[in-house]
Amino acid sequence: MTKLEQWMSTLLVLMLIWLCLVQDLLNLGYSKKFHDVILPLPVYLLVTAGSYALGTLGLRLANFNDCEEAAQELFMQIQEAQADLASKGLIL
Amino acid sequence: MASHSDIPNSAGSQRRRAKKGQAEAAEKYSVLLPTYNERENLPLIVWLLVKSFEESGNNYEIIVIDDGSPDGTQEVAQQLEKIYGSDKILLRPRAKKLGLGTAYIHGIQHATGNFIIIMDADLSHHPKFIPEFIRKQKEGNFDVVCGTRYRGNGGVYGWDLKRKIVSRGANFLTQILLRPGVSDLTGSFRLYRKEVLQKLMEKCISKGYVFQMEMIVRARQLNFTIGEVPISFVDRVYGESKLGGNEIVSFLKGLLTLFATT
Ligand SMILES: Nc1nc2c(ncn2[C@@H]2O[C@H](COP(=O)(O)OP(=O)(O)OP(=O)(O)O)[C@@H](O)[C@H]2O)c(=O)[nH]1
Ligand SMILES: [Mg+2]
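In short, a report on the structure. Here the structure is a predicted model, which is why all the values come from computation and not from measurement.

What counts, and at which threshold
Residues numbered from 1 in each chain as written. Chains lettered and ligands numbered in written order. Predicted model: local features only at pLDDT ≥ 70, side-chain atom pairs only at ≥ 80, totals over all residues. Heavy atoms only, no water. Helix = DSSP H or I, 4+ residues; strand = E, 2+ residues; numbered from the N terminus. Rg over C-alpha atoms; globule rule 2.2 N^0.38 Å. Buried < 20%, exposed > 50% of the residue type's maximum accessible area, 1.4 Å probe, protein only. Areas by Shrake-Rupley, 256 points an atom, 1.4 Å probe, with all protein chains shown as cover. Axes fitted to C-alpha atoms, helices over the stretch in contact; angles between N-to-C directions. Parallel < 35°, antiparallel > 145°, perpendicular 65-115°, else oblique. Left-handed = near helix turned anticlockwise from the far one by under 90°. Contact = heavy atoms within 4.5 Å. Nonpolar A, V, L, I, M, F, W, Y, C, P; charged D, E, K, R; others polar. Pairing = 2+ DSSP bridges. 1 Å grid on protein atoms, 1.4 Å probe; cavity = no way out; pocket = protein on both sides within 12 Å on 5 of 7 lines; lining within 4 Å. Points joined across faces, edges and corners; volume = space filled by probe spheres on them. Buried area = accessible area lost by both parts, 1.4 Å probe. Salt bridge = Lys/Arg side-chain N within 4 Å of Asp/Glu carboxyl O. Polar contact = N/O pair within 3.5 Å; in protein donor to acceptor, adjacent residues only side chain to side chain. Lys, Arg positive; Asp, Glu negative; His and termini not counted. Expected span 1.5 Å × (residues − 1).

## Structural notes on the overall build of chain A
Okay, so step 1: In terms of regular secondary structure, chain A is built from four helices and one strand.
Okay, so step 2: Put simply, chain A runs from its N terminus to its C terminus through helices and strands in the order α-α-α-β-α.
Okay, so step 3: Taken over the C-alpha trace, chain A has a radius of gyration of 29 Å; the compact-globule value for 92 residues is 12 Å, which it surpasses by more than 25%.
Okay, so step 4: Once the C-alpha set of chain A is aligned to its principal axes, its extents read approximately 90 × 30 × 15 Å.
Okay, so step 5: Expressed as a percentage of the 92 residues in chain A, the buried residues total 17%.
Okay, so step 6: Carbon and sulfur atoms form 70% of the exposed surface of chain A, whose accessible area is close to 6900 Å².

Next comes the structure, spelled out in structure tokens:
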């Protein structure tokens, strides 16, 4: 099963469950109150997923290391390398 | 095929013997350095590679695959071959620019090591991490070890906020859609078992960033094991970036293709 198919089938199952509940296809006879809670569930799901995405993205962006020291080390080594290579006879 | 292991000098028995004593001496690491207009960077990256391997004591060779760079990278490579010896620096140039993917294929054909290290020659990938890749590989007996900018002490230098957002966003989308179990899919600093890399190269068809991504996705499909090592990525100092404007579009196309087909 491709990743696309995995996503589609999961969403399909969730949608079917939700439809069953909203339309009361199993004739379980819910109260109006329960129905009102079930109805907007997909919107909640969407909002939650969106917030999760934005939150994670922001957090990861904030935790994205700036490797100042690594750059400094590299620049030092570049100078060392240039001097050493010149002494070994490299002509640029 | 099975009877091969009965022959005393087969690869299997060699490996077994190596395990007993000189495991270190049995491993050889071939570094593939594809270059296009890296005249300033090539001597520096080679110097750093030699330093790293001499300090760690691992057996190595450096294969430079230059695609007829107009800036004279090949001429500098020849000087390096003289300085460090033609057993350490192998020049395997091609006449014209044929792209990264085929440069790797070309390089593997000439590699004598049992492990292949792939990295950029523009100094964004520091050779000091190679001993860590090797340690990681041995630790979990991994088929592939990936450098990651997104985990632990990994990171970047010289990126503005926009580039960070694009990078993080692309990575997040990829994680959600493909769930690859590897944190950095577009990086190209990796260590592979030679036969694993050969197999993956046969399977992968995409280009650019997507190619690196597809390698990991296929590796997962084929049940190869993958380890990760945090790396710091310092943006290139010398030379020109080949990062084009339509890079993002082709990345998304490639991601969706992998999403729909794997
Ligand atoms: N042999 C060969 N090497 C190439 C070719 N294109 C790029 N390279 C090399 O592959 C490595 C990675 O290319 P880069 O230009 O650094 O690509 P990038 O890392 O995506 O982008 P920047 O680092 O921002 O420039 C470098 O060592 C290049 O010199 C090619 O067509 N043939
Ligand atoms: Mg680069």
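From this point, things continue past the structure.
## Let's talk about the packing of helix 3 (residues 41–56) of chain B against helix 4 (residues 73–84) of chain B
Residue and element names in this part refer to chain B.
Okay, so step 1: One way to put it is that helix 3 packs onto helix 4 with a least axis distance of 10 Å and a crossing angle of 30°. By the angle between their axes, helix 3 is roughly parallel relative to helix 4. For the crossing formed where helix 3 meets helix 4, the hand is right-handed. Taken together, the residues of helix 4 that come into contact with helix 3 (itself represented by Leu 42, Pro 43, Val 46, Trp 47 and Val 50) are Thr 73, Val 76, Ala 77, Leu 80 and Tyr 84.
Okay, so step 2: For the contact of helix 3 with helix 4, the per-class residue count stands at nine nonpolar, one polar and no charged.

## Observations concerning the sheet that holds strand 6 (residues 155–157) of chain B
Okay, so step 1: Across the sheet, which stays open at both edges, the three strands sit in the order 1(A)-6(B)-9(B) with parallel pairing between neighbours. A strand with exactly one partner marks an edge of an open sheet, and here the two such strands are strand 1 (65–66) of chain A together with strand 9 (232–234) of chain B.
Okay, so step 2: Where strand 6 of chain B and strand 9 of chain B come together, three bridges link them in parallel fashion. From the neighbouring strand, Val 156 of chain B faces strand 9 of chain B, where its bridge partner is Phe 233 of chain B.
Okay, so step 3: Packing of helix 4 (residues 68–87) of chain A onto the sheet brings it into contact with strand 1 of chain A together with strand 6 and strand 9 of chain B, and relative to strand 9 of chain B it is tilted by some 55°.

## Let's talk about empty space enclosed by the protein
One way to see where empty space is left: roll a probe the size of a water molecule over the atoms.
Okay, so step 1: Counted according to the given criterion, the structure contains two cavities of 30 Å³ or more.
Okay, so step 2: Here the largest cavity is characterised by a volume of approximately 40 Å³.
Okay, so step 3: Residue lining of the largest cavity: Ala 70 and Leu 74 of chain A together with Leu 123, Ser 124, His 126, Lys 128, Ser 232 and Val 234 of chain B, and that is the complete set.
Okay, so step 4: Contributions of two or more residues to the lining of the largest cavity are made by helix 4 of chain A together with strand 9 of chain B.
Okay, so step 5: In this structure, the second largest cavity occupies an estimated 30 Å³ of space.

## Considering the interface of chain A and chain B
Okay, so step 1: Across the boundary between the two partners, chain A contributes 34 residues, which contact 43 residues of chain B.
Okay, so step 2: Both sides together, the interface formed by chain A and chain B hides about 3500 Å², and carbon and sulfur atoms give 68% of it.
Okay, so step 3: For the pair chain A and chain B, the interface holds two salt bridges.
Okay, so step 4: For Glu 73 of chain A, the salt bridge identified is with Lys 128 of chain B, shortest N-O distance 2.5 Å.
Okay, so step 5: Where chain A touches chain B, the interface holds 14 residue pairs in polar contact (both at pLDDT 80 or more).
Okay, so step 6: Residues that form the side of chain A that touches chain B fall into these classes: 19 nonpolar, seven polar and eight charged.
Okay, so step 7: Across two bridges, strand 1 of chain A lies against strand 6 of chain B in parallel orientation.

## Let's talk about the side chain of Arg 190 of chain B
All names here are of chain B.
Okay, so step 1: By the secondary structure assignment, Arg 190 is in strand 7 (residues 190–193).
Okay, so step 2: For the buried residue Arg 190, which engages in no salt bridge, the nearest side chain bearing the opposite charge is Asp 184, 5.9 Å off.
Okay, so step 3: At 3.2 Å, the side chain of Arg 190 forms a polar contact with the side chain of Tyr 192.
Okay, so step 4: Excluding residues that lie within four positions of it along the chain, Arg 190 makes contacts with Ile 116, Ile 117, Ile 118, Phe 133, Val 145, Cys 146, Gly 147, Asp 184, Leu 185, Gln 212, Met 215 and Ile 216.

## A few points about helix 7 (residues 161–178) of chain B
Okay, so step 1: Taking 1.5 Å as the rise per residue, helix 7 of chain B with 18 residues should run 26 Å; its terminal C-alpha atoms sit 25 Å apart, in good agreement.
Okay, so step 2: Taken together, the buried positions of helix 7 of chain B are Lys 164, Ser 167, Arg 168, Ala 170, Asn 171, Phe 172, Thr 174, Gln 175, Leu 177 and Leu 178 of chain B.
Okay, so step 3: Packed against the buried residues of helix 7 of chain B are helix 1 (3–23), helix 3 (41–62) and strand 1 of chain A together with strand 6, helix 9 (208–221) and helix 10 (247–261) of chain B.
Okay, so step 4: Directly beyond the C-terminal end of helix 7 of chain B, a positive phi value near 40° is found at Arg 179 of chain B.

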